[in-house]
Amino acid sequence: PILVVLFCVSYNIGEEIPDTLSQFYTNIFDTVFFKHDNLKGKVKRTRHWNDDRRIYRALFEYLCFISQRTGVSSFSREVLVGFVSDSLSYMNEERSLADRITDEIISITNLIIVDGFNEYRFVHKSIQEFFASAFVCTLSHEKRKGFYEKCRSDSAFFKLFNNTIFFLEEIDYYNFVE
């Protein structure tokens with residue numbers, strides 16, 4: 001149901017109906033980061049770290065990748081803040097901001113939600129899988145090739161990223177085929 005709601009929100013604000021599943025997921029981040037609040041009467045959420053959506057998205061993509069690599073889609077706040085801290089480090093940003101940025105990602109995007117006491121999860125596992133695939137697309141050609149090779153040669157690794165590979169076949173077709 002949550003994906004249907006996200007689809008309806010995107011479609012109702014004038015977006016074209018996506019031709020592919022990957023186009024739908026690509027639009028989700030922008031929809032929830034900017035446009036969703038505008039439906040509520042121009043809500044302006046305070047961003048304490050950065051106003052650049054691309055930086056939040058890049059951080060979110062890496063967070064999805066490293067969390068998926070550990071095999072989890074549900075985690076404690078401490079683990080989530082650790083993922084955000086690692087993501088900040090990967091982006092050469094200040095790790096000490098991790099707690100604050102975790103709050104912003106949760107409150108602005110709602111793509112990670114609190115589910116019970118100190119339990120956080122992605123609103124849908126496919127969110128984690130798609131944005132992990134988007135991260136893979138940002139890697140250099142050699143690193144992407146290494147990722148695909150590991151998926152091909154290591155069955156446990158492939159099992160972790162099976163659905164991510166599904167998205168990569170569409171959004172990184174040439175490297176995927178290679």
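Shown above is the structure to which this text applies.
Residue positions are given per chain, counted from 1 along the sequence in the order it is written. The predicted nature of this model means local features are confined to residues of pLDDT at least 70 and side-chain atom pairs, given and counted, to a pLDDT of 80 or more, with totals for whole chains, interfaces and linings taken over all residues. In computing side-chain properties, one takes all heavy atoms of the structure into account and sets aside hydrogens as well as water.

Enquirer: Help me out: how do you make sense of the side chain of Arg 144 in this one?
Expert: Each helix corresponds to a stretch of at least 4 residues labelled H or I by DSSP, and each strand to a stretch of at least 2 residues labelled E; elements are numbered beginning at the N terminus. When you line up the elements, Arg 144 lands in helix 7 (residues 141-153). Judged by relative accessible area, which is 14%, Arg 144 ranks as buried. What qualifies as a polar contact is a pair of N or O atoms within 3.5 Å, subject to a donor-acceptor requirement within protein and to the restriction that residues adjacent in sequence count only when both atoms come from side chains. In terms of polar contacts, Arg 144 uses its side chain to reach the backbone carbonyl oxygen of Cys 137, at 3.3 Å. By the convention used here, residues are in contact when the closest approach between their heavy atoms is within 4.5 Å. Arg 144 has contacts with Val 136, Cys 137, Leu 139, Asp 172 and Asn 175, leaving out every residue within four places of it along the chain. Note on exposure labels: buried denotes an accessible area under 20% of the residue type's maximum, exposed denotes more than 50%, and partly exposed covers the range between, all computed with a 1.4 Å probe on protein chains only.

Enquirer: It is not clear to me how the packing of helix 7 against helix 8 (residues 155-171) should be interpreted in this structure. Could you clarify?
Expert: Each pair of packed helices can be summarised by the angle the axes make with each other and by the distance between the axes. Here helix 7 crosses helix 8 at 125°, and the two axes come no closer than 8 Å. The pairing of helix 7 with helix 8 is recorded here as oblique in orientation. Here helix 7 and helix 8 pass one another in a crossing that is left-handed. Mapping the contact onto sequence places Phe 147, Tyr 148, Lys 150, Cys 151 and Ser 153 in helix 7 and Ser 155, Phe 157, Phe 158, Phe 161, Ile 165 and Leu 168 in helix 8. In the scheme used here, Gly and all other residues not listed as nonpolar or charged are polar, with Ala, Val, Leu, Ile, Met, Phe, Trp, Tyr, Cys and Pro taken as nonpolar and Asp, Glu, Lys and Arg as charged. In terms of residue class, the contact of helix 7 with helix 8 is made up of eight nonpolar, two polar and one charged. Note on method: axes are straight lines fitted to C-alpha atoms, helices fitted across the in-contact stretch only, with angles between N-to-C directions ranging 0 to 180 degrees. Roughly parallel means an angle under 35 degrees; roughly antiparallel, over 145; roughly perpendicular, 65 to 115; everything else is oblique. Helix crossings fall into two classes, left-handed where the near helix is turned counterclockwise from the far one by less than a right angle and right-handed where it is turned clockwise.

These results come straight from atomic positions and should not be treated as a statement about function.
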